[in-house]
Amino acid sequence: MKNLISVQRLMRRFSQNQIVIVDVRFNLQDPDAGRKAYLKEHIPGAIYMDLNKDLSGKAGKHGGNHPLPDWELFTNKLGQIGITNETTVVVYDQGNDMFAPRLWWLMDYVGHDKVYILEGGLNQWKQEGGEVTTEIPSLIPVTYHPRMKQNRTVDMKEVRDKITNGNTVLIDSRSYPRYLGDEEPLYRRAGHIPGAVNYFWKDVLTSDGTRWKDKEQLESLFANLSKDDEIIVSCGSGVSACPNILALEAAGYHNVKLYPGSFSDWISYDENDVKVGEETT
């Protein structure tokens with residue numbers, strides 16, 4: 001996959017000046033855990049970005065738990081941590097988690113081409129002998145100029161209008177029990193948006209979770225989806241949808257959009273129905 005970088009490849013490029021490494025480790029149940037983990041140890045030179053504070057906007061009544069950030073603020077932050085339009089950016093999680101793909105998607109949306117996810121994250125880095133540090137790098141602010149991509153997202157009204165459209169597929173990226181409504185650890189309602197089909201985001205990884213599946217494996221995973229259809233990807237709040245978007249694009253699907261608010265936005269409208277159990281045909 002073109003947007004992945006191996007530990008060994010990163011090690012070979014480590015001394016290059018035009019590279020910024022970003023640590024995005026996070027825990028949805030403990031929002032301070034990622035930053036604490038970064039302060040304890042991180043890849044040398046890495047800068048921390050927080051899901052809630054840097055990669056999301058402020059949550060309101062609608063828009064979901066992790067709405068997209070204000071784009072001016074987001075691109076200013078990119079500049080503040082030394083990222084120019086020519087910078088190669090490498091993003092990592094603790095392992096192969098959902099937060100690095102979230103930053104990959106945001107940077108892709110603002111038109112940044114050279115952004116890579118470290119396969120295996122910090123765990124793989126350490127396993128292959130990579131050093132870690134507690135040192136916080138000095139930052140040299142620059143100016144980042146976004147080149148925003150259009151037609152990459154949909155809102156709740158568009159989802160509601162399109163779920164009965166035969167040429168649109170809505171994906172729910174959460175775990176199967178959450179999709180069914182058998183469990184719901186985060187939200188006041190359980191189930192899924194009516195008409196959504198379930199593709200758990202972790203299924204884009206190998207069975208042991210240490211690697212991303214290759215192109216042929218991803219094509220097999222998504223074989224029931226037509227490349228001619230519009231595919232809208234959702235999850236709980238627009239985070240775990242991003243690994244599926246990366247995987248779909250790697251498998252050759254080009255009309256793929258994010259529903260940023262996802263299920264947490266959908267249920268903020270009391271009039272919206274929620275489906276519990278399997279979809280019936």
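Structure's up top.
Residues numbered from 1 in each chain as written. Predicted model: local features only at pLDDT ≥ 70, side-chain atom pairs only at ≥ 80, totals over all residues. Heavy atoms only, no water.

### A closer look at the overall build of the protein
As a reminder, the rule being used: Helix and strand assignments come from DSSP, with helices taken as H or I runs of at least 4 residues and strands as E runs of at least 2, each series counted from the N terminus. For a compact globule the rule gives 2.2 Å times the number of residues to the power 0.38, and the radius of gyration it is set against comes from C-alpha atoms. Residue exposure (1.4 Å probe, protein chains only): buried if accessible area is under 20% of the type maximum, exposed if over 50%, otherwise partly exposed. Here a residue-residue contact requires only that any non-hydrogen atoms of the pair lie within 4.5 Å. For the accessible areas, the method is Shrake-Rupley and the probe is 1.4 Å, while residue cover comes only from the protein chains on display.
Counting its secondary structure elements, the protein contains 10 helices and nine strands. Here the C-alpha atoms of the protein give a radius of gyration of 18 Å, agreeing with the 19 Å that 2.2 N^0.38 yields for 281 residues. Its C-alpha atoms give the protein principal-axis dimensions of about 55 × 40 × 35 Å. Across the 281 residues of the protein, 52% fall into the buried class. The contacts of the protein with a sequence gap of at least 6 include a subset with a gap of at least 24, amounting to 76%. Carbon and sulfur atoms make up 45% of the accessible area of the protein, which amounts to about 13,100 Å² in all.

### Section: unusual backbone geometry
The backbone of asparagine 151 shows a phi angle near 55 degrees, a positive value even though the residue is not glycine. Along the chain, the position of asparagine 151 falls in the loop between α5 (121-127) and α6 (156-162). You can call asparagine 151 exposed: its relative accessible area is 63%. Positive phi, close to 50 degrees, is recorded for serine 262, a residue that is not glycine.

### Some details on helix α3 (residues 71-80)
Using the following cut-off: Directions pointing from the helix axis toward each C-beta atom define the arc. Polar contact is the term for a pair of N or O atoms within 3.5 Å; when the atoms are in protein, one must be able to donate a hydrogen and the other to accept it, and sequence-neighboring residues count only if both atoms are side-chain atoms.
Of all the residues in α3, the buried ones are Phe74, Thr75, Leu78 and Gly79. All buried residues of α3 fall inside an arc of 140 degrees around its axis, so they share one side. Along α3, the residues that are exposed and aim more than 90 degrees away from the buried face are Glu72 and Leu73. If you follow the buried residues of α3, they end up packed against α4 (99-109). The N-terminus of α3 is capped by aspartate 70, whose side-chain oxygen sits 3.1 Å from the backbone nitrogen of glutamate 72. Immediately downstream of α3, the backbone of glycine 82 shows phi near 90 degrees, a positive value.

### A word on the packing of α3 against α4
To be explicit about the condition: Under this scheme, a helix contributes an axis fitted over its contacting stretch, all axes are lines through C-alpha atoms, and angles between N-to-C directions fall in the 0 to 180 degree range. Throughout, the term roughly parallel applies to angles under 35 degrees, roughly antiparallel to angles over 145, roughly perpendicular to angles from 65 to 115, and oblique to all others. Classification convention: Asp, Glu, Lys, Arg as charged; Ala, Val, Leu, Ile, Met, Phe, Trp, Tyr, Cys, Pro as nonpolar; all other residues, Gly among them, as polar.
Remark: α3 packs on α4, axes separated minimally by 11 Å, with the N-to-C direction vectors making an angle of 105 degrees. Between α3 and α4, the crossing angle belongs to the class labelled roughly perpendicular. Residues Trp71, Phe74 and Leu78 of α3 touch α4, and the partners they reach there are Leu103, Trp105, Leu106, Met107 and Tyr109. Broken down by class, the residue content of the contact of α3 with α4 amounts to eight nonpolar, no polar and no charged.

### Comments concerning the packing of aromatic side chains
Applied cut-off: Stacked, tilted and edge-to-face are the three classes assigned to paired rings of Phe, Tyr and Trp, where Trp is represented by its six-membered ring and a pair needs centres within 6.5 Å; plane angles under 30 degrees give stacked, over 60 edge-to-face, the rest tilted. Only when the NZ of Lys or the CZ of Arg is both within 6 Å of the ring centre and within 35 degrees of the ring normal is a charge said to sit over the ring.
One pass over the full model with this rule turns up 10 aromatic pairs. Here a set of aromatic residues connected by ring pairs shows up, and it is made of Trp71, Phe74, Trp105 and Tyr109. Directly above the aromatic system of phenylalanine 263 lies the positively charged group of arginine 174, at a separation of 4.3 Å from the ring centroid. Stacked on the ring of tyrosine 253, the Lys or Arg lysine 227 has its end atom at 5.4 Å from the ring centre.

### Points about the pattern of salt bridges
Between side chains of opposite charge, a pair can form when the charged atoms approach closely. Using the following cut-off: A pairing counts as a salt bridge when a side-chain nitrogen of Lys or Arg comes within 4 Å of a carboxyl oxygen of Asp or Glu.
In total, this model carries 15 salt bridges according to the counting rule given. Between glutamate 119 and arginine 211 there is a salt bridge whose closest N-O contact spans 3.5 Å. Note that glutamate 119 is positioned in the loop between β5 (115-118) and α5 and arginine 211 in the loop between β7 (197-198) and α8 (215-221), a separation of 92 residues in sequence. Residue classification places arginine 211 among the partly exposed positions, given a relative accessible area of 33%. The salt bridge involving glutamate 249 is made with arginine 152; its shortest N-O contact spans 3.2 Å. Here glutamate 249 is found in helix α9 (residues 241-250), whereas its partner arginine 152 is found in the loop between α5 and α6, with 97 residues between them in sequence. Arginine 152 sits in the buried class, given a relative accessible area of 11%. Here the salt bridges do not stand alone but share partners, grouping Asp108, Lys149, Arg152 and Glu249 into one network.

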